Amino acid sequence: MRRGHPAVRALPLAPALVLLLLFLAGPIAYCVWIAFTDLQLTGQAHSSFTGLANFRRALRDDAFLNAVRLTLVFTVLSALVGQNTLGLALAALMRRASKPVRTLTGGVVITAWVLPEVVAGFLLYAFFRREGTLNAVLDWLHLPRQNWLFTLPVLAVSFANVWRGTAFSMLVYSAALDEIPAEITEAAEVDGAGGWRRLWHITLPMIRRSIGTNLMLNTLQTLSVFGLIWVMTRGGPGSRSQTLPLFMYEQAFQNSMIGYGTAVALLLLLVGSLFSVVYLRLLRTEV
Amino acid sequence: MPRTRPSRRLAADLALLAVAAAFALPLAWVVLSAVDPGAGLRVKIPDGIGLDNFRAVLTPDITYTPLLNSLLLCGGGTALTVGCAALAAYPLSRYPSRLNRPFLLTVLFATSLPVTAVMVPVYALFVRVNLIDTLQGTVFFFAASQLPFAIWLMKNFMDGVPKELEEAAWTDGASAAQSLVRIVLPLMGPGLGVVTVFSFVMMWGNFFVPFMLLLSPDRMPASVSVNDFFGNRGMVAYGQLAAFSVLYSTPVILLYVLVARRLGGGFALGGAVKG
């Protein structure tokens, strides 16, 4: 299968490479540069190199530390616990359920996933508002109502992310469970292993690679959620649901400190890269 | 699929129905409010079904211009993504090289970077090179951000087309370009469809990219203009917001259904993520 000079053969890669270098690698490199400057949006003709000042400042900034904490809570709650567990539970339940129920549930969950981010944000804003559906349901059940977006904003946006993102885990786990040979499960059943023991000793170990990649992708996806939170709470009230992407946006644009905002972006990229490397290691036999 | 005892099936059905109901409540709100002239924030049976909300939002300002902008942005971005990805996938899939593996690993690495984080430097860069508030700049960035995943998927689909068919064409004197266009791409039609629809759906729903890179109201796509229902126009007309959301969301849902059907209900993207 040798045709032409290697350089000619690689030519079709050029358009993609140019786009990737100019619009993705370029900004990342630029990101590394301006994170070390005091670049601002207004009232300053030149920016100067300030070394690690932006990073030192971040570590002393309560608002930054608050954003880190909220990002952690948001990610653990919605991605690691919510989407992942619910997705696995749905995939497992679907194998036992009747076909119409499976189709219906799958359809509803996937619709929530396919909806544009902003629309999902509005739907959940309406759901969690004081006059919204959740409180109506709680009233009907004679349970206490809350002004969710005010009292528990992180919980509300985390639920929103679970609502929006669970379909992905469900699809990944459905595919993984389909690949477990039926004989193995049946043999365990014959040996008298109950449902939980089969789950713990057979199912989970057999799909552990899917669990790993799914956790990675859920985490990366959740780390970069912006629109959903922006629409629901704008990071508020105050900064009580201001995760890192929203903090970065506020510093760079509302406070006009591009340098500082970019330093935050760089930290976010670094965390993302770390997860990305782990994800590659999980996949390493595939390439 | 193993046989299931009736009692277990019932338990599973009930549990799934409970989850489905919880997931459906927010969706029910948008559907019911869109046709309810007196819509509020909670799910309720409409006071009377009417298309007033749709009539109110179907104006150039509110609906047509933003949807047209979305179409231009996402159509352009998708065309660029799919074109570049198909070209790039060809040498990666057809010619073995020492550089393929590192390149694909880099692409896969880029696939999972949080694009949100890049938006501040992209904005700063776009201001410098005068691409800010331009359609083409946004299209280029959309394409670049979608390319890693598109290349990855495209390469996997292309690997599924047997080389022998191409070799036959080559003996008949076809060039590599001809065999790509006439043989490989048609044979990977469903795969091409998946990449196209997936790229389009991702761009159609993306809020942050146009929110950052576009400034003029008349260039805003629907993902950003939908924000105008809040704040800027005073009282929020929830019914109209719902009607607009339905108009804006329907195309991507239809596209998803189309692709899901075409793959026999299977989920091709799963192939890219399962371990």
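In the block above lies the structure referred to throughout.
Residues numbered from 1 in each chain as written. Chains lettered and ligands numbered in written order. Predicted model: local features only at pLDDT ≥ 70, side-chain atom pairs only at ≥ 80, totals over all residues. Heavy atoms only, no water.

**Quick word on the overall build of chain B**
On a plain count of helices and strands, chain B comes out with 13 helices and zero strands. When the backbone C-alpha atoms are referred to their principal axes, chain B occupies close to 70 × 65 × 35 Å. Out of the 275 residues belonging to chain B, those deemed buried represent 52%. Nonlocal contacts in chain B, meaning residues at least 24 apart in sequence, comprise 71% of its contacts between residues at least 6 apart. (Helix = DSSP H or I, 4+ residues; strand = E, 2+ residues; numbered from the N terminus. Buried < 20%, exposed > 50% of the residue type's maximum accessible area, 1.4 Å probe, protein only. Contact = heavy atoms within 4.5 Å.)

**Digging into the side chain of Asn 100 of chain B**
Residue and element names in this part refer to chain B. Mapping Asn 100 onto the fold places it in helix H4 (residues 100–111). A polar side-chain atom of Asn 100 sits 3.0 Å from the main-chain carbonyl oxygen of Tyr 95. Not counting residues within four places of it along the chain, the set of residues in contact with Asn 100 comprises Pro 91, Leu 92 and Tyr 95. (Polar contact = N/O pair within 3.5 Å; in protein donor to acceptor, adjacent residues only side chain to side chain.)

**Notes on the packing of aromatic side chains**
Scanning the entire structure with this criterion turns up 29 aromatic pairs over all chains. When the centroid spacing of 6.5 Å and the interplanar angle of 20 degrees are considered together, the rings of Trp 163 of chain A and Phe 23 of chain B count as stacked. Taken together, the positions of Trp 163 of chain A in helix H9 (residues 153–178) and Phe 23 of chain B in helix H1 (residues 6–34) put the pair across two chains. For the pair Trp 163 of chain A and Phe 23 of chain B, one class covers both residues: buried. Measuring from ring centre to ring centre gives 5.5 Å for Phe 226 of chain A and Trp 230 of chain A, while their planes differ by 20 degrees; the resulting arrangement is stacked. Classification of Trp 230 of chain A as buried rests on a relative accessible area of 9%. Across the ring face of Tyr 260 of chain A, the terminal group of Arg 57 of chain A is positioned such that the distance to the ring centre comes to 4.2 Å. Its end group placed over the ring of Phe 150 of chain A, Arg 240 of chain A keeps NZ or CZ at 5.5 Å from the ring centre. (Phe/Tyr/Trp six-rings, centres within 6.5 Å; stacked < 30°, edge-to-face > 60°. Lys NZ or Arg CZ within 6 Å of the ring centre and 35° of its normal.)

**Re unusual backbone geometry**
Residue and element names in this part refer to chain A. A cis geometry characterises the amide bond from Gly 236 onward to Pro 237, with omega recorded as 0 degrees. In this structure, Pro 237 sits in the loop between helix H13 (227–233) and helix H14 (244–254). Within the chain, His 142 stands out as a residue other than glycine whose phi angle is a positive 60 degrees. Relative to the assigned elements, His 142 resides in the loop between helix H7 (133–140) and helix H8 (148–151). One non-glycine residue, Ser 256, lies in positive phi territory at about 60 degrees. Mapped onto the fold, Ser 256 is located in the loop between H14 and helix H15 (258–283).

**Thoughts on the interface of chain A and chain B**
Put simply, an interface is often sized by how much accessible area is lost when its parts join up. Contacts between chain A and chain B engage 96 residues on the former and 92 residues on the latter. Buried area between chain A and chain B, summed over both chains or domains, comes out near 8600 Å², and the portion from carbon and sulfur atoms is 79%. There are one salt bridge connecting chain A and chain B. The salt bridge partner of Glu 189 of chain A is Arg 8 of chain B, with a shortest N-O separation of 3.9 Å. Counting residues per element, the side of chain A that touches chain B draws most heavily on helix H2 (residues 14–34) of chain A, at 14 residues. Of the residues contributing to the side of chain A that touches chain B, the split by class is 65 nonpolar, 15 polar and 16 charged. (Buried area = accessible area lost by both parts, 1.4 Å probe. Salt bridge = Lys/Arg side-chain N within 4 Å of Asp/Glu carboxyl O. Nonpolar A, V, L, I, M, F, W, Y, C, P; charged D, E, K, R; others polar.)

**Re the side chain of Thr 63 of chain B**
With respect to the secondary-structure elements, Thr 63 of chain B resides in helix H3 (residues 60–94). Setting aside residues no more than four positions away along its own chain, Thr 63 of chain B makes contact with Val 57, Leu 58, Phe 244 and Leu 247 of chain B.

In short, the description is geometric, and any link to function would need to be established separately.
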